[in-house]
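Structure at a glance
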Amino acid sequence: MQIDPDQGTGIDDYVIVEEGTYPLRVDSVKVTRDASNEPSWMLRLALVEGERAGRTAVTDWLNFSDRGMHRVRSILGALGWDVSVPIEVEPEQLEGLVANVRLINQESTHAETGRSQRRSRVPYDGWSPCPDADRFREMAEPGPGAAGGGGGIGLAADAMPF
């Protein structure tokens, strides 16, 4: 295989789908802490329909700081939680839930390599309830004898490269 350094776009493109609003499933939640040592949850969001169903479309964050709590309530509400009353939520309770999520693409420059990168991200107000959430959840439930993760749609979670 011959490699020509002058071929290619010069952009590392991590965009799975173009800008728009898509029904996305919370595939996994990773618990961590932000720079201020406040709890944060990283949500890995997967497409639930189309030829790329099961692929991770984007990651988004729930930041449980005073500043982030409004967005946390907005996201939980979009996922079907009643946020008009105090609630107790555990990360695993979000897995499998579906909401409509607006994706926008942004380009940035990698600090170390100087290469351009293109990634999807969710804007602050990019979450809304998905009218078909129940149908997508039913589609994602693995049937008898199903193996692996990924909710039964597309690739198994353990087959994802990241």
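Note that the structure is a prediction, hence the values are computed from the model and not measured. (Residues numbered from 1 in each chain as written. Predicted model: local features only at pLDDT ≥ 70, side-chain atom pairs only at ≥ 80, totals over all residues. Heavy atoms only, no water.)

Our next topic: helix α1 (residues 69-78). One turn of an α-helix holds 3.6 residues; hence residues three or four places apart share an orientation. Listed as buried for α1 are Arg71, Val72, Ile75, Leu76 and Ala78. All buried residues of α1 fall inside an arc of 160 degrees around its axis, so they share one side. Buried residues belonging to α1 abut β3 (39-47), β4 (56-63), β5 (98-109) and β7 (127-129). Two residues or fewer past α1, Gly80 is found with a positive phi of approximately 105 degrees. (Buried < 20%, exposed > 50% of the residue type's maximum accessible area, 1.4 Å probe, protein only. Helix = DSSP H or I, 4+ residues; strand = E, 2+ residues; numbered from the N terminus. Arc of directions from axis to C-beta. Contact = heavy atoms within 4.5 Å.)

As judged from the three bridges shared by strand β1 (residues 11-13) and strand β6 (residues 116-121), these two strands associate in the parallel manner. Counted as the bridge partner of Asp12 is Gln117 from β6. A loop of six residues connects β5 with β6, the two strands running antiparallel in sequence, and Gly114 in this loop sits at a positive phi of about 80 degrees. (Pairing = 2+ DSSP bridges.)

Before going further, it helps to examine the nonpolar core. Membership of the largest hydrophobic core comes to 26 residues, with the highest contact counts inside it found for Leu43, Leu94 and Trp127. Those elements giving two or more residues to this core turn out to be β2 (20-33), β3, β4, α1 and β5. (Core = buried A, V, L, I, M, F, W, Y, C linked by side-chain atoms within 4.5 Å.)

It is worth spelling out the packing of aromatic side chains at this point. Under the criterion given, the structure shown has one aromatic pair. When the centroid spacing of 4.8 Å and the interplanar angle of 65 degrees are considered together, the rings of Trp41 and Phe64 count as edge-to-face. Here Trp41 is found in strand β3, whereas its partner Phe64 is found in the loop between β4 and α1, with 23 residues between them in sequence. Comparing Trp41 with Phe64, the two get one shared label, buried. The ring of Tyr14 has Arg119 sitting right over it, with the charged end atom 4.1 Å from the ring centre. The aromatic ring of Phe136 is capped on one face by Arg135, whose charged end is 4.5 Å from the ring centroid. (Phe/Tyr/Trp six-rings, centres within 6.5 Å; stacked < 30°, edge-to-face > 60°. Lys NZ or Arg CZ within 6 Å of the ring centre and 35° of its normal.)

Here we take up the confidence of the model for the protein. When pLDDT is low, close inspection of the predicted coordinates is not appropriate. Averaged over all residues, the pLDDT of the protein equals 84, while 83% of them reach at least 70. Across the protein, β7 holds the top mean pLDDT of 97, while helix α2 (residues 133-140) sits lowest at 79. Considering only residues more than four positions removed or in separate chains, one finds that residues 142-162, a stretch of pLDDT under 50, has 34 contacts. (pLDDT = per-residue confidence, 0-100.)

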